[in-house]
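The residues making up each chain are set out below.
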Amino acid sequence: MGISKMTEGIYKLSTNMESILFEGVWEIPHGVSLNSYVVKGEKTALIDGFCGWDGVPETFFSMLDQMDVSLDSLDYIVINHVEPDHSGWIENIKTFKKDITILCTRAAEKMLGAFYEGDMTIQTVKDGDVFDLGQGKSLAFYCTPNVHWPDTMVTFEAQSGTLFTCDAFGSFGSVKGDGFDDDLTEEAIEFYEKEAVRYYSNILATFSNFVERAIEKCEKLPYQIIAPGHGIAWRQNPDKIINDYKRYAAYQTEVDKKKITLLWGSMYGMTARGVAFIEKEFEKYDVELASYEIPETSWGTALASVWESSAVILAMPTYEYKMFPPMAAVLEELGKKKVQNRLLFRIGSYGWSGGAEKELREILDRYQMNWQKLDSVEFNGAPNQDAFDAIGKSIKVLISQLEEQ
Ligand code: FEO
């Protein structure tokens, strides 16, 4: 775990989680950081809390020493969001700091009782409430429901202009060093940008309309620093992550990039021959094509790529009268995340009956995805020359429609 001074009286505490599935579902090949923050006035507040602490009181006391914070002054834990990656150390802290008060929304109060045992002193806060910590430090609370759960809020410290945003403006990717944007190379910032797309599409995508409302609310605050619960903190260019998030939220319904994602799966290599042809065809065109085999590629990676693609090519066979099952699972997830308004082209092999195409239409309809679909090219067994010709024509049409957008 790393402790770093972010600005006068404010510290960032980060730990990296690796070799886990985030939320038990999402692959994180580059890890994720869990960030907590300490705001030190006359009284001290800990904002969000998990941080990889081992639960041993002496470890915690040593952390306080590093920040020159006395246990007596630690009066508040601000829970911006109850999901355990932001609240996981409540029970341990309560064992040696019984008089600590939790500040959270009313919705969070109900959840805390469900997630944690024992008595807790909870003080609920409302939108716009301000809490004075003394020595010029104050905390103001702004509700940002459904970014990520209904309980969520952000906390603003006015003296430093620090906005503690919890899940909003976060990213995957382990944090090295202090984890501030002003310490990082352009290459490193690009890395976190990619990890932010993956994080956004996996964790927040469903709630994009709420994210847009939260951004509007945050933009009205005179922030100088954006301090999220995951990823790096933005001290030098906080507007960058705000603007990136505006774009990510908009991607739910409209993508301004000419990128195509090809998701494909094959049982015995027949559909894969069509995929090889597609990949070769794309060498003729100056369009970005990202190709992922399913199920070898995780849902999270497929979703991140589709999130920032304006067109999707699906290649999968029929399997027992239905769609190749792992592809159906990925498409269901795209539907649940409300990925809308993409251009779509599909190819696929069948043996004795079709079925994949019917299930594809059912999924698109069920989730009201409004994908604009070109005629699919299905082939019995292996694709023949007629099938390759039809695929080539459809790709040409797909690209011309993409260019017109
Ligand atoms: Fe980072 Fe919704 O938890």
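It should be emphasised that the depicted structure is a prediction, and the values quoted were computed from it without experimental measurement.

Student: Whenever I open this one, the pairing of strand 17 (residues 311–315) confuses me. Can you help?
Tutor: Remember that side chains alternate between the two faces of the sheet whenever the strand is regular. Most of strand 17 sits out of view: five of its five residues are buried. Residue alternation in strand 17 divides its side chains into two sets, Ala311, Ile313 and Ala315 and Val312 and Leu314, and both sets are buried. Here strand 15 (residues 259–264) pairs with strand 17 via five bridges, running parallel. Pairing of threonine 261 across the sheet is with valine 312, part of strand 17.

Student: So what exactly am I meant to see when it comes to the pattern of salt bridges here?
Tutor: Pairs can form between side chains of opposite charge once their charged atoms are near each other. Going through the model one piece at a time under the given rule, you end up with 22 salt bridges. Aspartate 127 is the partner of lysine 217 in a salt bridge, and the nearest nitrogen-oxygen pair spans 2.8 Å. On the criterion of sequence distance, the pair formed by lysine 217 in helix 6 (residues 208–219) and aspartate 127 in the loop between strand 9 (121–124) and strand 10 (130–134) is long-range, its members being 90 residues apart. On the basis of relative accessible area, aspartate 127 is assigned to the partly exposed category, the value being 40%. Here arginine 366 and glutamate 332 are joined by a salt bridge, their closest N and O atoms 2.5 Å apart. Highlighted residues: arginine 366 in helix 11 (residues 356–366) and glutamate 332 in helix 10 (residues 325–336), separated in sequence by 34 residues.

Student: Would you mind showing me how to read the packing of aromatic side chains here?
Tutor: Under the definition given, this model contains 19 aromatic pairs. Relative to phenylalanine 96, the ring of phenylalanine 61 has its centre 5.1 Å away and its plane inclined at 80 degrees; by these criteria the two rings are edge-to-face. Placement of the pair is phenylalanine 61 in helix 1 (residues 57–66) and phenylalanine 96 in helix 3 (residues 90–96), with a sequence separation of 35 residues. The partly exposed category is assigned to phenylalanine 61, whose relative accessible area is 29%. Look at phenylalanine 96 and you get buried, because its relative accessible area is 18%. Measuring from centroid to centroid gives 6.4 Å for phenylalanine 115 and tyrosine 116, while their planes differ by 45 degrees, and the two rings are tilted.

Student: Explain the nonpolar core here, please?
Tutor: One recurring pattern in soluble globular proteins is that nonpolar side chains are buried together. Counting 64 residues, the largest nonpolar core has Tyr245 and Leu334 as its most contacted members. Looking at this core element by element, the count peaks at eight residues for helix 5 (residues 186–204). Setting aside its immediate chain neighbours within four residues, leucine 334 contacts Leu263, Leu303, Val306, Val339, Met369 and Trp371. Within the second largest apolar cluster, 27 residues are counted, among which are Leu74, Val82, Ile100 and Ala108.

Student: Before we go on, may I ask you to explain the environment of glutamate 83 in this structure?
Tutor: Tracing the chain through its elements places glutamate 83 in the loop between strand 7 (74–78) and helix 2 (84–87). On a C-alpha basis, the gap between glutamate 83 and lysine 220 in space is 26 Å, while along the polypeptide they are 137 residues apart. For glutamate 83, the residues in contact, after removing those within four places along its chain, are Glu23, His148, Trp149 and Asp167.

Student: When you look at the packing of helix 8 (residues 270–281) against helix 12 (residues 385–404) in this model, what are you seeing that I'm missing?
Tutor: For any two helices packed against each other, one specifies the inter-axial angle together with the distance between the axes. For the pair helix 8 and helix 12, interaxial distance at closest approach is 10 Å and the crossing angle is 45 degrees. The orientation of helix 8 relative to helix 12 falls into the category oblique. Here the hand of the crossing between helix 8 and helix 12 comes out right-handed. Counting all contacts with helix 8, which are made through Arg273, Gly274, Phe277, Ile278 and Glu281, the residues of helix 12 involved are Phe388, Ile391, Gly392 and Ile395.

Student: How do you make sense of helix 9 (residues 299–307) when you look at a structure like this?
Tutor: One turn of an α-helix holds 3.6 residues; hence residues three or four places apart share an orientation. Within helix 9, eight of the nine residues are buried, which leaves it mostly tucked inside the rest of the structure. By the burial criterion, the buried members of helix 9 are Gly300, Thr301, Ala302, Leu303, Ala304, Ser305, Val306 and Trp307.

Student: Got a minute to help me understand the sheet that holds strand 1 (residues 2–7) in this structure?
Tutor: Pairing in this open sheet of seven strands is mixed, and the strands run 1-2-5-6-7-8-9 from one edge to the other. Single-partner strands in this sheet number two, and they are strand 1 and strand 9. Here the strands of the sheet are splayed against their neighbours by 25 degrees on average, with no regard to which way each runs. Two elements, strand 7 and strand 8 (residues 101–104), share three bridges in a ladder whose sense is parallel. Bridge pairing in strand 8 links isoleucine 77 to isoleucine 102. Against the sheet, helix 4 (residues 106–115) touches strand 8 and strand 9, its axis set at about 130 degrees to strand 8.

Student: Even after reading the chapter, I still don't get the sheet that holds strand 13 (residues 162–166), so can you show me in this structure?
Tutor: The pairing of strands in a sheet happens through backbone hydrogen bonds and is either parallel or antiparallel. The strand order 10-11-12-13-14 describes an open sheet built from five strands, whose pairing is mixed. Unpaired on one side and paired on the other, strand 10 and strand 14 (225–228) mark the two borders of the sheet. Averaged over all neighbouring strand pairs, the angle between strand axes comes to 20 degrees, with direction disregarded. Both strand 13 and strand 14 contribute to a ladder of four bridges, which runs parallel. Note on strand 14: the bridge partner recorded for threonine 162 is isoleucine 225.

Cut-offs used in this document
Residues numbered from 1 in each chain as written. Predicted model: local features only at pLDDT ≥ 70, side-chain atom pairs only at ≥ 80, totals over all residues. Heavy atoms only, no water. Buried < 20%, exposed > 50% of the residue type's maximum accessible area, 1.4 Å probe, protein only. Helix = DSSP H or I, 4+ residues; strand = E, 2+ residues; numbered from the N terminus. Pairing = 2+ DSSP bridges. Salt bridge = Lys/Arg side-chain N within 4 Å of Asp/Glu carboxyl O. Phe/Tyr/Trp six-rings, centres within 6.5 Å; stacked < 30°, edge-to-face > 60°. Core = buried A, V, L, I, M, F, W, Y, C linked by side-chain atoms within 4.5 Å. Contact = heavy atoms within 4.5 Å. Axes fitted to C-alpha atoms, helices over the stretch in contact; angles between N-to-C directions. Parallel < 35°, antiparallel > 145°, perpendicular 65-115°, else oblique. Left-handed = near helix turned anticlockwise from the far one by under 90°.

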